[in-house]
Amino acid sequence: MARNTGSLLVDDIGELVTNDGRAGDPLGIRRDAAVLIEDGEVAWVGPARDAPAADRRIDAGGAAVLPGFVDSHAHLVFAGDRAAEFAARMAGEPYTGGGIRTTVGATRAASDDELRATVGRLRAEALRQGTTTMEIKSGYGLTAADEARSLRIAAEFTDDTTYLGAHVVPAEYANRPDDYVGLVCGPMLAAAAPYARWIDVFCERGAFDVDHARAILACGQAVGLGLRVHANQLGPGPGVQLGVELGAASVDHCTHLTDADIDALAAHRIDCMCADGSHTTTVATLLPGAEFSTRSPYPDARRLLDAGVTVALATDCNPGSSYTSSMAFCVALAVREMRMTPAEAVWAATAGGAAALRRTDVGRLRPGARADLMILDAPSHLHLAYRPGVPLIRQVLHNGVPQ
Ligand code: NIG
Ligand code: FE
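Residues numbered from 1 in each chain as written. Chains lettered and ligands numbered in written order. Predicted model: local features only at pLDDT ≥ 70, side-chain atom pairs only at ≥ 80, totals over all residues.

**Student:** Got a minute to help me understand the overall build of the chain in this structure?
**Tutor:** Counting its secondary structure elements, the chain contains 14 helices and 17 strands. What you see for the chain is a C-alpha radius of gyration of 20 Å, in line with the 22 Å of a compact globule of 403 residues. Viewed in the frame of its principal axes, the chain has a C-alpha envelope of about 70 × 45 × 45 Å. Among the 403 residues that make up the chain, the fraction classed as buried is 56%. For the chain, long-range pairs separated by at least 24 residues make up 72% of all intrachain contacts whose partners lie at least 6 apart in sequence. (Helix = DSSP H or I, 4+ residues; strand = E, 2+ residues; numbered from the N terminus. Rg over C-alpha atoms; globule rule 2.2 N^0.38 Å. Buried ≥ 20, exposed ≤ 12 C-beta atoms within 10 Å, placed from the backbone. Contact = placed C-beta atoms within 7 Å.)

**Student:** Just checking my understanding: could you explain the UniProt feature "binding site: N-formimidoyl-L-glutamate" (unreviewed entry) in the chain for this structure?
**Tutor:** Mapped onto this numbering, the UniProt entry gives "binding site: N-formimidoyl-L-glutamate" (unreviewed entry) at Tyr140, Asn318 and Gly320. For the annotated residues, spread through 181 residues, the largest C-alpha to C-alpha distance comes to 11.3 Å, consistent with a single compact locus. Here Gly320 shows up in the loop between β14 (311–313) and α12 (327–338). Residues contacting Gly320, with those up to four places away along its chain left out, are Arg82, Glu85, Gly99, Ile100 and Thr103. (UniProt positions renumbered as here; feature names shortened; annotations may be inferred.)

**Student:** Would you mind showing me how to read the site of ligand 1 here?
**Tutor:** Taken together, 14 residues are adjacent to ligand 1, and Ile100, Phe202, Asn318, Gly320 and Ser321 come closest. In terms of residue class, the shell around ligand 1 is made up of four nonpolar, nine polar and one charged. (Near = placed C-beta within 6 Å. Nonpolar A, V, L, I, M, F, W, Y, C, P; charged D, E, K, R; others polar.)

**Student:** I tried to follow the pairing of strand β15 (residues 373–376) on my own but got confused; where do I start?
**Tutor:** By the alternation rule, side chains of β15 split into Leu373 and Ile375 and Met374 and Leu376, which are all buried. Judged from the three bridges that link them, strand β5 (residues 64–67) and β15 form a sheet pairing that is antiparallel. Counted as the bridge partner of Pro67 is Leu373 from β15. (Pairing = 2+ DSSP bridges.)

**Student:** I keep staring at the UniProt feature "binding site: 4-imidazolone-5-propanoate" (unreviewed entry) in the chain and nothing clicks. Help me out?
**Tutor:** According to UniProt, the feature "binding site: 4-imidazolone-5-propanoate" (unreviewed entry) maps to Arg82, Tyr140, His167, Gln233 and Ser321 in the numbering used here. Secondary-structure assignment places Arg82 in the loop between β6 (69–71) and α1 (83–90). On the basis of neighbour count, Arg82 is assigned to the buried category, with 20 C-beta atoms found within 10 Å. Mapped onto the elements, Tyr140 comes out in the loop between β8 (136–137) and α4 (144–154). The residues touching Tyr140, leaving out its near neighbours within four places in the chain, are Val77, Phe78, Thr103, Val104, Thr107 and Ser150.

**Student:** It is not clear to me how α4 should be interpreted in this structure. Could you clarify?
**Tutor:** An α-helix turns once per 3.6 residues; consequently, residues spaced three or four apart project the same way. The buried fraction of α4 amounts to nine of the 11 residues, a majority that puts the element mostly inside the structure. Considered for burial, the residues of α4 that qualify are Asp146, Glu147, Ala148, Arg149, Ser150, Leu151, Arg152, Ile153 and Ala154.

**Student:** Whenever I open this one, unusual backbone geometry confuses me. Can you help?
**Tutor:** Both trends apply: most residues other than glycine have a negative phi, and most peptide bonds are in trans. Of note in the backbone geometry, Leu142 takes a positive phi value of approximately 60° without being a glycine. Residue position: Leu142 is located in the loop between β8 and α4. Residue Arg295 is not a glycine yet carries a positive backbone phi of 45°. Here Arg295 lies in the loop between α10 (288–294) and α11 (301–306). On the basis of neighbour counts, which here come to 13 C-beta atoms within 10 Å, the residue Arg295 falls in the partly exposed class.

**Student:** Help me out: how do you make sense of the nonpolar core in this one?
**Tutor:** Soluble, globular proteins show a tendency: their nonpolar side chains are buried together. Core analysis: the biggest nonpolar cluster contains 131 residues, and Val35, Val65, Leu313, Val331, Ala334 and Ala345 have the highest contact counts within it. Of the residues forming this core, the biggest block, 10 residues, is contributed by α12. Apart from the residues within four sequence positions on either side, Val331 is in contact with Leu313, Ala345, Val346, Ala349, Leu384 and Ala385. (Core = buried A, V, L, I, M, F, W, Y, C linked by C-beta atoms within 7 Å.)

**Student:** Would you mind going over the sheet that holds β14 with me for this structure?
**Tutor:** For sheets, the rule is that strands pair by backbone hydrogen bonds, running either parallel or antiparallel. One open sheet accounts for seven strands, arranged β8-β9-β10-β11-β12-β13-β14; its pairing is parallel. Looking at which strands have only one partner, the edges of the open sheet turn out to be β8 and β14. With four bridges joining them, strand β11 (residues 226–231) and strand β12 (residues 250–253) adopt parallel strand pairing. Note that in β12 the partner of Arg228 across the bridge is Ser250.

Here it is as C-alpha cells:
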C-alpha cells in the first residue's frame, strides 16, 4: 500500500478549484497554482512560482485540479440487482419503491463476505471516479441483525454510516407498521447505533408517514445520531419541513417541493459558512441519477438556489432507483437538466456534499483540509458537464496518497 509520509507537491495546476472563495467566486479558482501536501493534509496552496520544495512532485501539466467529490447519499449494502425493473421502467412502468423489498430478500440471503465484496467494489469504482468521501446507508436488511451487519460492513469503508432501518415496512410487518416502528426505535436501533453516525427515514406515502418519521428521527437523535430524511421524492409531502424542523443535516431528493418547503429551507438557512467552515443549515441534497433512472421530472434546483438554499448533489447509488456511482454524471445532469451552472454543480458535488455531512475537513482545498483531490484530463471544471460520459478523472489523491 502506498505511504503518505514526506511532502508531495502537486504542481503546474492550470485551474485549481479550492471552494475557498468569496461571494461571486464560490469555487475560489486559482490559476497556475500548486498544492503542497504533508501528512495527508493540504499544507499550502498558492501560485506555482512560489511553491515550496517537496520530497515528491506530481506535474498536473496545466490541467484542472478539484477537491475530491463528496457523495453524501449512497445505499451500497445490498445483494443482487434490479436491471429487469429498470428495463420495465424504460418501457413505461412507474417507479414506486416497491422493488426495495426484492433487494431486502436478496440482502438477507447474502453472506457477510458477499455484501462486503459489493460495498468494496462500488466504493472502489466511485474512488476511481473521484469520490473521496462517501456516505453509506443500511436499509436493505430490516431486521435488527441484518441492519447491524449492514452498518458494520459499511463502517469498514466510511465514517459516514447511516442507519436506514426505516426504509420501508418489510413484508412480515405489512399490517403492523406501529410494531415495525417499535422495532426500528427499539432493538434494531440498539443493534445498529454503535456502527452509525446518522439516522435516515424514507418519509413518503407507501413508506413512513410524518408521525412515524418524527418518532424514528427522535429516537435516533436521543442516542446521538445526526438526522437525514428521504423527502418529497415520489410526491409532495411533509418530509422536507419535518427535516428542517428537527434540524436535519440534509433532506434528500426534494423532487416535489411546494413554496412552503422552499421557504422553510431558506428561512432556516444560517447564512454563515462559519469561520471554521462549518454549516448548521439543512442542506437540500438533489439526486438526479434517480430522476434519470426512474424517468421522473428533475427537482427544481434553480428555485432552491435562487432562494439561497444550500444545495448538494449526490448519486443515491442503489440497485433500484439510481445504479450509478458517478458524481461527474450527476454534475452533468444537474447542469443540462436542472439548469445549475457548472460552477454551482461542482460546488454542490464537493463542498455541498461536505455541508450535507457537516464535515469541515473535506470538500475544500485549503491548509488543514484532507488532501483529497482529483486531477482532470481537462483544463477546466467546465469539462465535467461539457464532456459527459468521458472518463476525465486522470488521477485521484485520497489522504494525500495517489490511488
Ligand atoms: O433513495 N427512495 C428510497 N430509497 C432509494 C431507492 C431504493 C430502491 O429502489 O431500492 C432512493 O431512491
Ligand atoms: Fe436514497
